[in-house]
Amino acid sequence: MTKQLDNANAAQKVAAEALEAANKEKKRLLEEAKSREEEILGLRSELAKAESSKKEAEDGKMEVETRLANAEADFVANFHNTEAYTNFADYFARVGHQEVLTALRNDHPELDVKNLEARFPPPDAEGEEDS
C-alpha cells in the first residue's frame with residue numbers, strides 16, 4: 001500500500017507540475033493576446049486617422065479643382081476685359097488690315113496706299129517699336 005501511496009503522490013506531483021506549467025502557459029498566452037489586442041486597437045486608431053487624412057486631402061483636392069475651374073471660367077468669361085484681349089484683338093485687326101492693304105496693292109497697283117500703310121502698321125512693326 002505504501003508503494004501505491006508513493007505512486008499516487010508521484011502522480012499527483014506530476015499532475016500538479018503539469019497544471020502549474022499549463023497555468024503559466026495560459027497566463028503567457030493571455031498576456032500575449034492582450035498585447036495583440038492593444039496593438040490591434042492602436043492600428044485601428046492609426047487607420048481611422050489615415051482615412052480621415054485621406055478624406056481631408058480628397059476634399060482639399062476637390063476644392064482646388066473647383067476653384068481652378070471657377071478661375072478658368074471667370075477668365076474666359078472676362079477675357080474681353082483684359083489687356084491680353086486688347087493686344088490680341090489689335091494684333092488680328094492689324095493682320096486684317098495688312099491683308100486688305102495687300103489685296104489693294106495687288107488688285108489696284110495704281111493706288112497709292114502709303115498713307116494707309118502708315119496708319120495701319122504691320123503687327124511686327126508695333127512689336128519692334130515697343131522694344
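Residues numbered from 1 in each chain as written. Predicted model: local features only at pLDDT ≥ 70, side-chain atom pairs only at ≥ 80, totals over all residues. Heavy atoms only, no water.

An unreviewed UniProt entry annotates the chain as Abhydrolase domain-containing protein of Abeliophyllum distichum.

*Asks:* How do you make sense of the overall build of the chain when you look at a structure like this?
*Replies:* Helix and strand counts for the chain come out as four helices and zero strands. What you see in the chain, going N to C, is helices and strands ordered as α-α-α-α. The C-alpha atoms of the chain give a radius of gyration of 46 Å, which is well past the 14 Å a tight globule of 131 residues would have. Judged by the C-alpha coordinates and their principal axes, the chain covers about 150 × 25 × 25 Å. (Helix = DSSP H or I, 4+ residues; strand = E, 2+ residues; numbered from the N terminus. Rg over C-alpha atoms; globule rule 2.2 N^0.38 Å.)

*Asks:* Please clarify how the UniProt feature "coiled-coil region" (unreviewed entry) in the chain should be interpreted in this entry.
*Replies:* Look at the UniProt record and you will see "coiled-coil region" (unreviewed entry) annotated at residues 5–74. Between the C-alpha atoms that bound residues 5–74 there is a distance of 101 Å. The span itself is 100% helix and 0% strand. (UniProt positions renumbered as here; feature names shortened; annotations may be inferred.)

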